[in-house]
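Read off the chains here:
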Amino acid sequence: MLPFTVNFKVSARTLTGALNAHNKAAVDWGWQGLIAYGCHSLVVVIDSNTAQTLQVLEKHKADVVKVKWARENYHHNIGSPYSLRLASADVNGKIIVWDVAAGVAQCEIQEHAKPIQDVQWLWNQDASRDLLLAIHPPNYIVLWNADTGTKLWKKSYADNILSFSFDPFDPSHLTLLTSEGIVFISDFSPSKPPSGPGKKVYISSPHSSPAHNKLAAATGAKKALNKVKILITQEKPSAEFITLNDCLQLAHLPSKRNHMLLLYPREILILDLEVNQTVGVIAIERTGVPFLQVVPCFQRDGLFCLHENGCITLRVRRSYNSVFTTSSEEPDPDPVQELTYDLRSQCDAIRVTKTVRPFSMVCCPVNENAAALIVSDGRVMIWELKSAVCNRNSRSSSSGVSPLYSPVSFCGIPVGVLQNKLPDLSLDNMIGQSAIAGEEHPKGPILQEVHLRFLLTGLLSGLPSPQFAIRMCPPLTTKNIKVYQPLLAVGTGNGSVLVYHLTSGLLHKELSVHSCEVKGIEWTSLTGFLSFATSTPNNMGLVRNELQLVDLPTGRSIAFRGERGNDESPIEMIKVSHLKQYLAVVFKDKPLELWDVRTCTILREMSKNFPAVTALEWSPSHNLKSLRKKQLATREAMARQTVVSDTELSIVESSVISLLQEAESKSELSQNISAREHFVFTDNDGQVYHLTVEGNSVKDSARIPPDGSMGSITCIAWKGDTLVLGDMDGNLNFWDLKGRVSRGIPTHRSWVRKIRFAPGKGNQKLIAMYNDGAEVWDTKEVQMVSSLRSGRNVTFRILDVDWCTSDKVILASDDGCVRVLEMSLKSTCFRMDEQELTEPVWCPYLLVPRASLALKAFLLHQPWNGQYSLDISQVDYPENEEVKNLLQEQLNSLSNDIKKLLLDPEFSLPQRCLLVSRLYGDESELHFWTVAAHYLHSLSPEKPAGTPASKETMPQDKVNNPLDICYDILCENAYFQKFQLERVNLQEVKRSTYDHTRKCTDQLLLLGQTDRAVQLLLETSADNQHYYCDSLKACLVTTVTSSGPSQSTIKLVATNMIANGKLAEGVQLLCLIDKAADACRYLQTYGEWNRAAWLAKVRLSSEECADVLKRWVDHLCSPQVNQKSKALLVLLSLGCFFTVAETLHSMRYFDRAALFVEACLKYGAVGVTEDTEKLISAIYADYARSLKNLGFKQGAVLFASKAGAAGRDLLSELGSPKQERTEE
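As the structure is a computational prediction, the values presented were derived from the model and not from experiment.

Asker: Which residues make up the overall build of the protein chain, and what values do they have?
Answerer: Scanning the protein chain from N- to C-terminus turns up 26 helices and 60 strands. By the burial criterion, 56% of the 1224 residues in the protein chain qualify as buried. Summarising the internal contacts of the protein chain: among those between residues at least 6 apart in sequence, 56% fall at separations of at least 24.

Right under this line is the structure:
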């Protein structure tokens, strides 16, 4: 063997094709940056950045209906590392939980044998990350432990459940979409099933509303939409109102609390769950394309919508404020009538046909700036959102849509104009917040108007739908090792031939060669092949035969048989001889033709009385070696003819030499010398004929009478001294030509369709294909090695087989896939790190846990030795070279924009932490650092040096750059109050029944808006049973004065009411007399923690509010609630930075604690006292220890030296590298 190695590692893999109708909703984009989708019974995992297939998981026996990535919302360390976990569910009710990197199933779950309707990981408690909630039809929800496969509880409901949605703000709230309506569950908990049947509401159809009559004119539509009053009722609507299953989807809005959307084909309804009322409608005009799916965003109040033509649109909520009503436009009399979502961007549609239609769409959960569309033909299209700054003057005011502005801050912190930023990093860095009504947009040079557009950044296409004819290129030999590429040609039903590169699994070329179904392919060299196709027969049974010779590098294709081919008997098979010199073409009812492959000329067309051929095979023996000797002799003779002058000689010499080289490289010889080759074929009676071809002479050399035990022979294979025949009845006959013995073996598998020997010298393995599967045989031992049967151990039928390498086979199957399998024919998933990818993929989850965490530390603690660098060899990291190379590959695969940010000295620590948490898709870090960066910046006494631009913007900062409303209770109080007021205004405009009015009154009283509350109370009509009560309440509210006696009376009444179970009424009375702090205390006592926090934020001074929230923090940290991660965020919003550091340390989140302390010290947010110093050195010492465990020596030394006394022992353990460095 030659001394150098070649990369020819073809790993077992599956090339996937078109999807099945069951796979429609089986797609998910994980926080890890990978997209998983179902393809028949397979689960395909692709990288969203480079659109490469990373893994194909095969274990399901039925079509996959759902896939869900596990959430990354926990603290990652060596004990709970970054890992790729995926749950997939199929039509037969089986759920498999995968370790995707290793390609193994960790756990299998089965309850009923019906298709799983929906499945979701629980993400919201710190206790366990292994819980999976599934809907088992028709009406069960079951909570599983996905690590062990044990069932925790099971609960049934009255109606058939279609899907469910968790409230992103409150983990105990779950909403089910059923065939009848909606069921709200408010006591969901992992420990026990929900009690009772839940609160059931019915949706009356939007189609019966007047909204549908007048959608043509915009003005008419606006007025009509205001008439769509009630949509949700407690009573079952009358028959004409019921719309069963008309609702396509239900989802909570992650961008604001207590809002939900319902998707119908022609409109999206936004509901406010506090009043169960529609507060916004997005409707499509009559001519518009209906919706298929919608994905609401978290970072901004926006919706990604998928339409039936495959077009993805982004709609963002309109800002209502005075900036946009210029003098020319007339101001709107009542500005907030409706939540309006404006179309901001849309991508191109696809061509929809009977077989090609959009299936579903997923969005990137980390950055929300990209969407992937899965098409039924197996295509995956990845559209990224890009923002472009546009100058003010170019804006056309006629569009009527308010402009979008870029945000003031980048990665959580306001940045100056000149600072490096990457707006396309994520949605919240692209567009600023929607301003709240009545609030001025900050004017100034910083504000830039942006436009958004979609860009297609990735496209992955699958195999076309079957039929397939497959053929692997000639095998690897010592001669072709330098140029060899493992290429597989796949002929398809539409006449094109796809050539795949099997080390990467990517499509190498797609050639449109024929006009009808490709029936067979034979390679003539490593770079060319012959393929034939036959059209459908006419009434005479004649067809058009197409036989094309294709040159792969150029893609040139020529008709091999010239003008022949019209109206003749169909070609049955083509066979190329071993030296690729000759081609035999076998027809159904027409004699055999022999062709010369090199000159494309016909050597012989057999006579009419030539026997009909049922099977044919070329012999591997030939006389090439003896011819070589002859040729060498001629060459030497020519060299001896010294008569020829030198120049002429050199010409002759060089031509002979080049001729010889060509002969060696292509194992072909010049036209004048042709090696002798043989072939055998059988006729209808089973007689075996042996013919010899040399040059253009064809000699009949021997005939062997038929074997009585065999039926009609269908295929022959010949290698070395073994000849194997297969027949119609499933018998295999093994001939040993040397020993002159034959053995017949009945396989009882019916018709033998094809037999092929494996490549490689002395390799006597053979694959046989039957109607119902395939077998691998060892012809030396004459015994079966492995077998595969359709319907028994696999669900698919085999269409074609071939050998890929000496120990791997290729199967093409009717589920539209081509599988490369080991010889055992067992379908296996590969390890992802064994993949040969053409483009590097950023995915730290594929590294071993120690390496991925070390890589994170390397990125976070820049600069090393005073310089910013992305070269890991610069730091002291004593790990083996292989791991270091893998880390360096990961770093190199980052985009240039990200590298530029990571190397920017102005890029502050909280921003760096935020960026790295986005790169790692680490949900819990992302939320922690978003809130931390915001409050460190807005609450800290001094700004770190190096952000000069922030000085001018400082006084405005707090107002103009509040924390996004999606963080709800964590927002600044003033901003939160404004948001709640805007919401009540909207509810008030939308109210239609007495119940709604009453809910609005309650909210207004709690918010302290007494005048408007009185107006609403006085609206109650005299025939209403609450008329008297409401009138008295109106009087009470207007006459409440701050006189002592009335206050004490009201307080007494309120406490009595609360004691007697009327909590809400008592709280209202307390709010009337400005005793909101007492009201909060009562709410907390009765377990209404969220309500208490809400009230504190809208009614109390910041000190009183902080007291209420701190009591809530203690409650969240208590062992029975165990939501410390949420408690941390609340503490950050209160500016209790020291407590946060303490809590992080007590939770053993050493890396986050150390980084947080560093950020606090930079911002001067933690005063330096003895206590704080003690805590800080303890945190640094513990972090240094954890870095030492990762093997990251330089990081450990850095933090041990910062830890003062606490880190001394550790420094000496690490080998006191201080002295060594000074000596250098």
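On we go.
Asker: Give me the environment of I810: which residues, what numbers.
Answerer: The residue I810 is located in strand 59 (residues 808-813) in this model. Sequence separation between I810 and L825 is 15 residues, and the spatial gap between their C-alpha atoms is 9.4 Å. Those residues within four positions of I810 in sequence are excluded, and the remaining contacts are I470, M472, L488, L502, D800, V801, D802, W803, C804, V818, R819 and V820.

Asker: Give a description of helix 17 (residues 1076-1085) that names residues and reports values.
Answerer: By the criterion of burial, helix 17 is predominantly enclosed, with seven of the ten residues buried. Buried within helix 17 we find A1076, A1077, D1078, A1079, C1080, L1083 and Q1084. On its buried side, helix 17 packs onto helix 15 (1044-1059), helix 16 (1063-1072), helix 18 (1089-1099) and helix 19 (1102-1117). Phi turns positive, to about 80°, at G1087, one or two residues after helix 17.

Asker: Could you give an account of the packing of helix 8 (residues 909-920) against helix 9 (residues 923-939), with specific residues and numbers?
Answerer: Two elements in contact, helix 8 and helix 9, have axes whose closest approach is 9 Å; the angle formed by their N-to-C orientations is 160°. On the basis of the axis angle, helix 8 is roughly antiparallel to helix 9. Handedness of the helix 8/helix 9 crossing: left-handed. Each of P910, C913, L914, S917 and R918 in helix 8 lies in contact with helix 9, whose residues at this interface are E925, L926, W929, T930, A933 and L936.

Asker: Give a description of the nonpolar core that names residues and reports values.
Answerer: Of all hydrophobic cores here, the largest spans 177 residues; its most connected members are Y37, L1095 and F1156. Considering each element in turn, this core owes the most residues, nine residues, to helix 22 (residues 1150-1163). Each of domain 1 (16-148) and domain 2 (967-1120) accounts for three or more of the residues forming this core. Not counting residues up to four positions away in its chain, the partners in contact with L1095 are L1006, V1067, C1071, A1076, A1079, C1080, L1083 and L1100. Ranked by size, the runner-up nonpolar core spans 31 residues in total, among them V10, Y484, V518 and L552.

Asker: Account for a negative patch on the surface, with residues named and values stated.
Answerer: On the surface, E1142, E1170, D1171 and E1173 cluster together into a negatively charged patch. The dominant element in the negative patch, judged by the number of residues it contributes, is helix 23 (residues 1170-1189), at three residues. Within the fold, E1173 resides in helix 23.

Asker: Which residues make up the sheet that holds strand 41 (residues 556-559), and what are the values?
Answerer: Taking strand neighbours across the sheet as the criterion, the four strands line up as 38-39-40-41 in an open arrangement whose pairing is antiparallel. If you trace the sheet from one side to the other, it starts and ends with strand 38 (518-525) and strand 41, each paired once. When strand polarity is set aside, the average angle formed by the axes of neighbouring strands in this sheet is 25°. Bridge count between strand 39 (residues 528-534) and strand 40 (residues 545-551): seven bridges; the pairing is antiparallel. In the strand pairing of strand 40, F532 is matched with L547.

Asker: Go over the packing of aromatic side chains, please, and point to the residues and values.
Answerer: Taken as a whole and assessed by the stated rule, the structure comprises 26 aromatic pairs. Judged by centre distance (5.3 Å) and plane angle (75°), the rings of W864 and F1192 are edge-to-face. Here F1192 lies in the loop between helix 23 and helix 24 (1193-1202) and W864 lies in the loop between helix 5 (849-860) and helix 6 (881-892), a separation of 328 residues in the sequence. In this structure, W864 and F1192 share a single accessibility class: buried.

Asker: A description of the packing of helix 9 against helix 20 (residues 1124-1134) should follow, citing residues and the corresponding values.
Answerer: For the pair helix 9 and helix 20, interaxial distance at closest approach is 8 Å and the crossing angle is 15°. The pairing of helix 9 with helix 20 is recorded here as roughly parallel in orientation. Every pair of crossing elements has a handedness; the one defined by helix 9 and helix 20 is left-handed. Contacts from H927, F928, V931, A932, Y935 and L939 of helix 9 reach helix 20 at L1129, L1132 and S1133. For the contact of helix 9 with helix 20, the residue count by class is seven nonpolar, two polar and no charged.

Asker: Residues and numbers for the sheet that holds strand 48 (residues 688-694), please.
Answerer: Strand order in the open sheet formed by four strands is 46-47-48-49, and the pairing between neighbours is antiparallel. Only two strands of the sheet have a single neighbouring strand rather than two, namely strand 46 (615-622) and strand 49 (697-704). Direction aside, neighbouring strands of the sheet carry axes that sit 25° apart on average. Judged from the six bridges that link them, strand 47 (residues 677-682) and strand 48 form a sheet pairing that is antiparallel. Residue pairing for strand 48: E677 is matched across the bridge by V693.

Asker: Quick rundown of the pattern of salt bridges? Include the residues and the values.
Answerer: It is possible for side chains bearing opposite charge to pair when their charged atoms get close. The full count for this structure, using the stated rule, is 52 salt bridges. The residue D377 makes a salt bridge to R379 at a minimum N-O spacing of 3.1 Å. In this structure, K590 engages E593 in a salt bridge whose closest nitrogen and oxygen atoms are separated by 3.4 Å. On the accessibility criterion, K590 (22% relative accessible area) is partly exposed. Judged by its relative accessible area of 0%, E593 is buried. Members of the salt-bridge network, linked through shared partners, are R561, R564, E568, K590, E593 and E605.

Asker: Break down the environment of P570 for me, citing the residues and quoting the values.
Answerer: In this structure, P570 sits in the loop between strand 41 and strand 42 (571-576). On the basis of relative accessible area, P570 is assigned to the buried category, the value being 15%. Separated by 19 residues in the primary sequence, P570 and D589 place their C-alpha atoms 7.8 Å from one another. Setting aside residues up to four positions removed in sequence, P570 forms contacts with T534, G541, V543, N545, F587 and K588.

Asker: Can you break down the pairing of strand 48 residue by residue, with the values?
Answerer: The element strand 48 is extensively covered by neighbouring structure, given that five of its seven residues are classed as buried. Counted along the chain from strand 47 to the antiparallel partner strand 48, the turn is five residues long, and its residue G686 has a positive phi close to 90°. By the bridge criterion, seven bridges tie strand 48 to strand 49 in an arrangement that is antiparallel. When the bridges of strand 49 are listed, Y689 appears paired with R703. In sequence, strand 48 turns back onto strand 49 through a hairpin of two residues, with G695 there showing a positive phi of about 60°.

Asker: Describe helix 9, listing the residues and the values that go with them.
Answerer: Counted at 1.5 Å a residue, the expected span for helix 9 with its 17 residues is 24 Å, and the 24 Å between its end C-alpha atoms agrees. Counting buried residues along helix 9, 16 of its 17 residues qualify, which places the element largely inside the surrounding structure.

Asker: For the pairing of strand 44 (residues 593-596), give the residues involved together with the corresponding values.
Answerer: Alternating residues of strand 44 divide into E593 and W595 and L594 and D596, and every residue in both groups is buried. Direction of pairing for strand 43 (residues 582-587) relative to strand 44: antiparallel, over a ladder of four bridges. Within strand 44, the position partnered with V585 by the bridge is E593. The loop that links strand 43 with its antiparallel partner strand 44 comprises five residues. The turn linking strand 44 back onto strand 45 (residues 601-605) is made up of four residues, and C600 within it adopts a positive phi angle of 55°.

Asker: Explain a positive patch on the surface to me, using residue names and the numbers behind them.
Answerer: A cluster of basic residues, K479, K625, K629 and K761, forms a positive patch at the surface. Note that K629 resides in helix 3 (residues 624-640). Residue class for K629 comes out exposed when judged on its relative accessible area of 64%.

Asker: Report on the confidence of the model for the protein chain, specifying residues and quantitative values.
Answerer: With 87% of its residues at a pLDDT of at least 70, the protein chain reaches an overall mean of 84. Predicted confidence is poor over residues 1-6, with pLDDT under 50, and the contacts of this stretch with residues over four places away or in other chains come to seven contacts.

Asker: How would you summarise unusual backbone geometry if you had to cite specific residues and measurements?
Answerer: For the bond from P137 to P138, the omega torsion is -5°, close enough to zero to count as cis. With respect to the helices and strands, the residue P138 is situated in the loop between strand 11 (131-136) and strand 12 (140-145). A cis amide bond links Q862 with the next residue in sequence, P863, at an omega value of -5°. By secondary structure assignment, the location of P863 is in the loop between helix 5 and helix 6. Phi at S750 takes a positive value of approximately 65°, unusual for a residue other than glycine.

Cut-off values and rules
- Residues numbered from 1 in each chain as written.
- Predicted model: local features only at pLDDT ≥ 70, side-chain atom pairs only at ≥ 80, totals over all residues.
- Heavy atoms only, no water.
- Helix = DSSP H or I, 4+ residues; strand = E, 2+ residues; numbered from the N terminus.
- Buried < 20%, exposed > 50% of the residue type's maximum accessible area, 1.4 Å probe, protein only.
- Contact = heavy atoms within 4.5 Å.
- Axes fitted to C-alpha atoms, helices over the stretch in contact; angles between N-to-C directions.
- Parallel < 35°, antiparallel > 145°, perpendicular 65-115°, else oblique.
- Left-handed = near helix turned anticlockwise from the far one by under 90°.
- Core = buried A, V, L, I, M, F, W, Y, C linked by side-chain atoms within 4.5 Å.
- Domains from an automatic or database assignment.
- Patch = residues over 30% accessible without salt bridge, like charges linked within 9 Å, V, L, I, M, F, W, Y side chains within 5 Å.
- Areas by Shrake-Rupley, 256 points an atom, 1.4 Å probe, with all protein chains shown as cover.
- Salt bridge = Lys/Arg side-chain N within 4 Å of Asp/Glu carboxyl O.
- Lys, Arg positive; Asp, Glu negative; His and termini not counted.
- Charge placed at Lys NZ, Arg CZ, Asp CG, Glu CD.
- Pairing = 2+ DSSP bridges.
- Phe/Tyr/Trp six-rings, centres within 6.5 Å; stacked < 30°, edge-to-face > 60°.
- Nonpolar A, V, L, I, M, F, W, Y, C, P; charged D, E, K, R; others polar.
- Expected span 1.5 Å × (residues − 1).
- pLDDT = per-residue confidence, 0-100.

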